[in-house]
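Coordinate inspection notes
Here is what each chain is made of, one letter per residue.
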Amino acid sequence: MADHAYITTPIYYVNAEPHIGSTYTTVVADALARFHRQRGVTTVMQTGTDEHGEKIAESAREAGVSPRDFVDDVAAKFRATWDSCGMQYDSFLRTSDPRHVEFVQGVLARLHEKDDIYFGSYEGLYCVGCERLYTEKELKDGLCPDHLTKPTEVSEPNYFFRMEKYKDAVRAHIEKNPRFIHPEGYRNEVLSILKEDLGDLCISRPKERLSWGIELPFDRDYVTYVWFDALLNYLSGPAILGREQELWPATLHLIGKDILKPHAVFWPTMLLAAGYPLYERLGVGGFWSSGGHKMSKSLGNVVRPLELRDKYGMDPLRYFLLRDMAFGQDADFTEEALVTRLNADLANGLGNLVSRTLAMSKKYFDGEIQDVRPIDPADEALARAFARARAELDAQIDNLAFHRGLGAIWEAIDAANKYVADQAPFKLAKDEDQKPRVGAILHNCVEALRVSAQLVAPFLPESAERIREALGLAPEKFARLDLAWGAAFETGHRLGGPINLFPRVES
Ligand code: ME8
């Protein structure tokens, strides 16, 4: 495993409030960050807000407030939402932060100095929703494929970044590094984009038309806007933390498929021009629809994370998002599907294992852990099922296949529930001579719970913590993933009473 993990989410536009899409990418980043921290890797997760540009200025105008007040308000809402959802980010980057502005101006000045930024004429079809120019070929029936709106024709003198100059080097890098863009389908898409004529990247707007941007240090009549400003957040964040040397290159940029081209084409060319090594990996996620339709305010089907958290709890929401979408592919969100997962995997699976283990321990031994011996081959098979789950989880997470990783953990949880049914301690307990074996079976069940809680901790942090508490296990011991089976609990250790981790929801 790498010596550090620096994981980023996109910085979200402040013209919309957090919804299930931004929540998904942030949950993925948070789960991965926790996964690495749990394995002792120095980890930084960064998220934030993208606050400059035409569409933000427009939204502020519509709200009847100044852009500054507008962005302060929405950025605070993002932060508060992620805090309420328990996201453990280490850095929250706002592009209106003066330290970010200064960083961007420094890069602009250097690139201008080496003639990688020049003054030219800007003409083309511009989509304000995407804040970028489109070629005729990229449009669908003359409309932006994402927003289904007609782009505006623009023509004005502006500053350009020499993207073409670095294009071949980026292509060679992607060809040489199969892991650079994941999943492979998006890698192929980028390689074909890079075979075409890209042109250079317009990076400015005349200030008289757009004042809500970052002033170019070499021409105060112009500002830079969205992409040149936003992408640099991944570098300015570590610089603000004073950890640029340690954290760059980023180990993983997580994005949605809508912003593939800026991240896989604009950003690496910018990095090469500015003399930075390229980031290690781009993880491209699919899109959530809502009830079979694209999420939109006008359709009234925008799914809000806090409403779901209040209704079902944050862990069930996290579980559903990570389990029901194969990372990279699209998926559909419905509350029914969430409830199905909650009842089947959480309540019947993990929740059941927790409640029956603690209830039987209480009933037969007053919550006291017994000797793990006598050992039966079934006990060893159970321990092996959890060792396999751990290995499979690590491999699947490396592949960003969260749904499969969780599937591997649940195979072990199912094996544990089957172990209880097969070993039937509730039957053996009727025979006083079998008491030592009943004690050993329950010790194994407690071990299964301990390892289950450790494995699910990055994905279901609140539940893992509740299980840890119920088991009466010290945090230092819980943090150790490599604890041998049977070594976590001394004979005589006291467990807490049964808990109802995931109450069933009637649909
Ligand atoms: O594009 N399903 O910001 P943005 C899944 N500021 N993920 C979704 C989603 C959906 N329906 N909708 C949005 C921007 N996302 C720029 C980024 S980065 C330097 C600048 C997620 O607020 C997904 O991760 O439009 C997508 O890439 C991101 O939100 C876009 O957020």
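**A short note on the environment of Leu338**
By the secondary structure assignment, Leu338 is in helix α13 (residues 335-365). In this structure, the C-alpha to C-alpha distance between Leu338 and Met360, residues 22 residues apart in sequence, is 30 Å. The contacts of Leu338, once residues within four sequence positions are left out, are Tyr312, Leu317, Phe320 and Phe333.

**Quick look at the site of the ligand**
Around the ligand, 22 residues are found, and the nearest of them are Ile11, Thr25, Asp50, Gly256 and Asp258. Gly21 has a polar backbone atom sitting 3.4 Å from a nitrogen atom of the ligand. Between the ligand and Thr25, the relevant distance is 2.8 Å, taken from an oxygen atom to a side-chain nitrogen or oxygen of the residue. Protein chains bury 91% of the 670 Å² of accessible surface belonging to the ligand in isolation. Among the secondary structure elements, those contributing two or more residues to the shell around the ligand are β1 (4-13), α1 (20-38), α7 (226-230), α8 (233-241) and β12 (252-256). The biggest single contributor to the shell around the ligand is β1, with 4 residues. The residue makeup of the shell around the ligand, split by class, is 13 nonpolar, 7 polar and 2 charged.

**Comments concerning empty space enclosed by the protein**
Empty space among the atoms becomes visible once a probe the size of a water molecule is rolled across them. On inspection of all chains with the given rule, the structure shows 2 cavities of 30 Å³ or more. Its volume calculated, the largest cavity comes out at about 50 Å³. Along the walls of the largest cavity sit Ser361, Phe365, Glu368, Ile369, Gln370, Gly439, Leu442, His443, Val446 and Leu495, which together make up its complete lining. Those elements giving two or more residues to the lining of the largest cavity turn out to be α13 and α17 (435-456). If one sorts the elements of the lining of the largest cavity by residue count, α17 sits on top with 4 residues. In this structure, the second largest cavity encloses a volume near 30 Å³.

**Considering the sheet that holds β12**
With respect to topology, 6 strands assemble into an open sheet ordered β3-β2-β1-β12-β13-β7, the strand pairing being parallel. Looking at strand neighbours, the two that pair on one side only are β3 (91-94) and β7 (181-182), the edges of this open sheet. Where β1 lies against strand β2 (residues 42-50), 8 bridges are found, and the strand directions are parallel. When the sheet's bridge partners are listed, Tyr6 is paired in β2 with Val44.

**Points about the side chain of Asn233**
Mapping Asn233 onto the fold places it in helix α8. At 2.7 Å, the side chain of Asn233 and the backbone oxygen of Ala230 are in polar contact. Excluding its chain neighbours within four sequence positions, the residues that come into contact with Asn233 are Tyr6, Ile11, Gln46, Leu93, His100 and Pro238.

**Let's talk about the packing of helix α2 (residues 54-63) against helix α3 (residues 67-84)**
Their axes nearest at 9 Å, the elements α2 and α3 cross at an angle of 95°. Comparing their axes, α3 and α2 come out roughly perpendicular. For the pair α2 and α3, contact is made by Ile56, Ser59, Ala60 and Ala63 and by Pro67, Phe70 and Val71, respectively. Here the residues of the contact of α2 with α3 are counted per class, giving 6 nonpolar, 1 polar and no charged.

**Things to note about the pattern of salt bridges**
What the rule picks out here adds up to 40 salt bridges. A salt bridge links Asp371 to Arg373; the shortest N-O distance between them is 3.1 Å. On the basis of relative accessibility, which here comes to 53%, the residue Arg373 falls in the exposed class. Via salt bridges that share partners, Glu51, Arg68, Asp72 and Arg94 belong to a single interconnected network.

The rules behind each value
- Residue numbers here run from 1 along each chain, matching the order of that chain's written sequence.
- Totals for whole chains, interfaces and linings use all residues, but because this is a predicted model, local features are given only for residues with pLDDT of at least 70 and pairs of side-chain atoms are given and counted only at 80 or more.
- Each side-chain value is worked out from all heavy atoms of the structure, with water and hydrogens disregarded.
- Per the convention used, a helix needs a DSSP run of H or I reaching at least four residues, while a strand needs a run of E reaching at least two, with both numbered from the N terminus.
- Any two residues whose heavy atoms approach within 4.5 Å at even a single point are treated as in contact.
- Whether a residue is near a molecule or strand is decided by its heavy atoms; if any one of them lies within 4 Å of it, the residue is near.
- Side-chain atoms alone can form a polar contact between residues adjacent in sequence; in general such a contact is a pair of N or O atoms within 3.5 Å, and within protein one must be able to donate a hydrogen while the other accepts it.
- Note that accessible areas follow from Shrake-Rupley with a 1.4 Å probe, and for residues the cover is restricted to the protein chains shown.
- Amino acids outside the nonpolar list (Ala, Val, Leu, Ile, Met, Phe, Trp, Tyr, Cys, Pro) and the charged list (Asp, Glu, Lys, Arg) are all regarded as polar, and Gly is one of them.
- The way it works is a 1 Å grid over only the protein atoms, where trapped points that fit a 1.4 Å probe form a cavity and open points with protein on both sides within 12 Å along at least five of seven lines form a pocket, and then any residue with an atom within 4 Å of a point lines it.
- Grid points are joined across faces, edges and corners, and a volume is the space filled by probe spheres set on the points.
- The pairing criterion is simple: DSSP has to find at least two bridges between the two strands.
- Lines fitted to the C-alpha atoms define the axes, with helices restricted to the stretch that makes contact. Angles between their N-to-C directions range from 0 to 180 degrees.
- Under this scheme an angle from 65 to 115 degrees is roughly perpendicular, one under 35 degrees roughly parallel, and one over 145 degrees roughly antiparallel; angles in between are oblique.
- We count a salt bridge whenever a side-chain nitrogen from Lys or Arg sits within 4 Å of a carboxyl oxygen from Asp or Glu.
- Only protein chains enter the area calculation, which uses a 1.4 Å probe; residues under 20% of their type maximum are buried, those over 50% are exposed, and those in between are partly exposed.

Such coordinate-based values are descriptive only and should not be taken to indicate function.
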